[in-house]
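Listed below are the residues making up each chain.
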Amino acid sequence: MAAKYRPGDTVYIISAGNRIEEAVVLKYAGGFYTIRFADGGGTKLRENRLFLKREDIDKETEKRRNINNALSLRRPSMAFDKEKTDTDTAVSAVKQETERTGKPEQIIIHVDMDAFYASVEARDNPSLKGKPLIIGSLPSERGVVATCSYEARKYGVHSAMNIKEAYRLCPHGIYMHGNHEKYKRVSEQLHQIWNAYASKSEYLALDEAYLDVTDTAVTFEKACEFAKIIKKRTKDELHLNCSIGGAYSKTAAKTASEEKKPDGYYEIPTPEDYVNLIIDRDVRVLYTVGSKTAAKLHSEGIHTVRDIQNNQEKVAELLGKQGWWLTRLARGIDDSKVTPYKPEDAKSISREITFQENVNDFSFLKDVLVLLAISVERRAQRSGLFGKGVTLKITYADMKSITRSKTIESSRSADKIYEQALLLLDRVPHKTIRLIGVGIHSLSSREDDKQLSFADLLSEQDENKILDARLDAMNKSYGLDFKNNLDKIFSGETLYKTIEYMRKKNKSVSYKTKTGGLHERNKG
Ligand code: DCP
Ligand code: MG
């Protein structure tokens, strides 16, 4: 579609706070106009945000007022009348409630460990203390940073960064693989401490949780005491640091714990305190606003929480349900409850491997599937879950990823997972592969579904017969005693190392076979 405006054209926009501003078009690319304001500032906007004449804006403003009215009729809580916002309502509701009962409606603690994986490693090996420590991949490998110590963060290294980029920024850093099993054990110890102070806990990650302390603490003074005790116990018993936030809502508590990281405590007792703290910050401060949502909002001239407050109808229009939620959050409104984690709420249990070098030998991939299937079975056993579907995930050398699924009768047997994954593997394009993963989904504890029949019990005993034979064959071809070392293989990062060993061995064997063949022909 041709661009309506050309470089040099004067246009008008409605900026945050419903001000009309004049700007000049600089260029048009990818559906966005880059415009510059008289004060030298600039932004990128879509065509529907630009107006040729000031009069057009009046018409648009009228249209919006109508939308506003319609919206506030449909949702009374979403009144866009600035004189009396929901913040006021929410604040006064909390105040009234506190005055009436002397007790806030909710007191939530959010606890988050500092540089979790890195701190655990430094604790267990004091020579790593105070050093820039990067956990994830090694610089010579493919992969990303899982986390890094605060010393490494000074160089710009952060979670999810490509490991090569991290190495460029911090070549003198110490690079290590993580040990997930160990972090899981520490996480369980943390739960023991946290749960002693909460009536309900919701785990968000291994190192992070919301604790509902409404009934156990009753007042914010007491919640603050709890936070101090949790911090002290974490330090004394586990030799680790955490940051804690205490607040009237989950989202405010999360913001609070980030506020004084590392080793901090911060409190946001009311919606008013929350709004005052974040009002002039970038929209990304709000929970669920990631880089994509932020870019969308920025492109409409909405940069801060204040801009959201002043453009609620626009945000709701732009982002639908999430937008409506954000307009509430921007006014401090969040009454969501701490929901204890149940293992079956997990969407899937899976295990995948990125090869250090791409693979195109599909019979080797089938051996890898054997180990991945056993790993998934073990994880499912640990959480007491069964899956009603098997998934195969593949990323090809060109980074294109595909997933294929098959429905099964509720199971977690490695045999069944392997069998189905094999069928799926046979049907995908046989091209060079970078990553392969296997998982089960649609999880439940079998007890929910059906009683185990006698036949089921018998078949459980028969399970993994195919794999048994496959492992015997693999023992021979790789010269590794898989069957007697399963526990070792599936702890820490050994599975990854084992598969890499197999890949190298397989490559050299098929290379030898090829050259061997040549020699034979030469001889003959
Ligand atoms: N993690 C990961 N990959 C990511 C992000 C995190 O593997 N992209 C892991 C490593 C972290 C742990 O999860 O140690 C917890 O994640 P956090 O975001 O809480 O980060 P940290 O605890 O490491 O640091 P912070 O002090 O910022 O909380
Ligand atoms: Mg953390």
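Everything here concerns the structure above.
Below is a summary of the structure that appears in this document. Values in this document were obtained by computation on a predicted structure and should not be read as measured data. Residue positions are given per chain, counting from 1 as you read along its sequence in written order. Chains carry letters from A onward and ligands carry numbers from 1 onward, assigned in written order. Per-residue local features are limited, in this predicted model, to residues with pLDDT of at least 70; the limit for side-chain atom pairs, both in listing and counting, is 80 or more; totals at the level of whole chains, interfaces and linings are taken over all residues. Here the side-chain values reflect all heavy atoms present in the structure, with hydrogen atoms and water set aside.

## Some thoughts on the sheet that holds strand E6 (residues 133-136)
Each strand in a sheet pairs with another by means of backbone hydrogen bonds, the pair being arranged parallel or else antiparallel. Put simply, the test is: Any two strands are treated as partners once DSSP identifies two or more bridges connecting them. Helical segments are the DSSP runs of H or I of at least four residues, strand segments are the runs of E of at least two, and each set is numbered from the N terminus. For helices, the fitted axis covers only the stretch in contact; all axes are lines through C-alpha atoms, and the angles between them, taken along N-to-C directions, range from 0 to 180 degrees. A contact between two residues is defined here by any heavy atoms of the two lying within 4.5 Å.
Here we have three strands laid out as an open sheet, ordered E7-E6-E8, and mixed in their pairing. The sheet terminates laterally at strand E7 (145-148) and strand E8 (174-176), the two strands that pair on one side only. Across the sheet, the mean angle from the axis of one strand to that of its neighbour is 25 degrees, orientation sign disregarded. By the bridge criterion, three bridges tie E6 to E8 in an arrangement that is parallel. Among the inter-strand pairings, Leu133 is bridged to a residue of E8, identified as Ile174. Each of E6, E7 and E8 is contacted by helix H3 (residues 116-124), which is oriented at about 115 degrees to E6, the strand it contacts most.

## Overview of helix H10 (residues 271-278)
Given 3.6 residues per helical turn, the α-helix brings residues three or four places apart onto the same face. The condition that has to hold: Only protein chains enter the area calculation, which uses a 1.4 Å probe; residues under 20% of their type maximum are buried, those over 50% are exposed, and those in between are partly exposed. Comment: arc refers to directions from the helix axis out to C-beta atoms.
Within the span of H10, buried status applies to Pro271, Tyr274, Val275 and Ile278. All buried residues of H10 lie within an arc of 95 degrees about the axis, which places them on one face of the element.

## Some thoughts on unusual backbone geometry
A cis amide bond, omega -10 degrees, links Lys261 with the succeeding residue Pro262. By the secondary structure assignment, Pro262 is in the loop between helix H9 (250-259) and strand E12 (265-268). Although it is not a glycine, Thr288 sits at a positive phi angle of roughly 80 degrees. Topologically, Thr288 is positioned in the loop between H10 and helix H11 (291-299).

## What about the packing of helix H14 (residues 362-383) against helix H15 (residues 414-427)?
Let me state the cut-off plainly: By definition, any crossing whose near helix is turned counterclockwise from its far helix by less than a right angle is left-handed, and any crossing with a clockwise turn is right-handed. Put simply, Ala, Val, Leu, Ile, Met, Phe, Trp, Tyr, Cys and Pro go in the nonpolar bin, Asp, Glu, Lys and Arg in the charged bin, and everything else, Gly too, in the polar bin.
At their nearest, the axes of H14 and H15 sit 8 Å apart, and the two run at 145 degrees to each other. As H14 runs across H15, the sense of the crossing is right-handed. Contacts from Phe362, Leu365, Lys366, Leu369, Val370, Ala373, Ile374, Val376 and Glu377 of H14 reach H15 at Ala414, Ile417, Tyr418, Ala421, Leu422, Leu425 and Asp426. The residue inventory of the contact of H14 with H15, partitioned by class, reads 13 nonpolar, no polar and three charged.

## Thoughts on the nonpolar core
Test applied: We call a set of buried Ala, Val, Leu, Ile, Met, Phe, Trp, Tyr and Cys residues a nonpolar core when their side-chain atoms join them within 4.5 Å.
With 47 residues, the main nonpolar core has Phe355, Leu369, Leu371, Leu392, Ile394, Leu425 and Ile436 as its most contacted residues. Top contributing element to this core by residue count: H14, with twelve residues. Contact partners of Leu425, with chain neighbours within four places excluded, come to Phe362, Leu365, Lys366, Leu369, Leu392, Ile394, His430 and Ile436. Counting residues in each nonpolar core, the second largest holds 32 residues, with Ala118, Leu190, Phe220 and Leu238 among its members.

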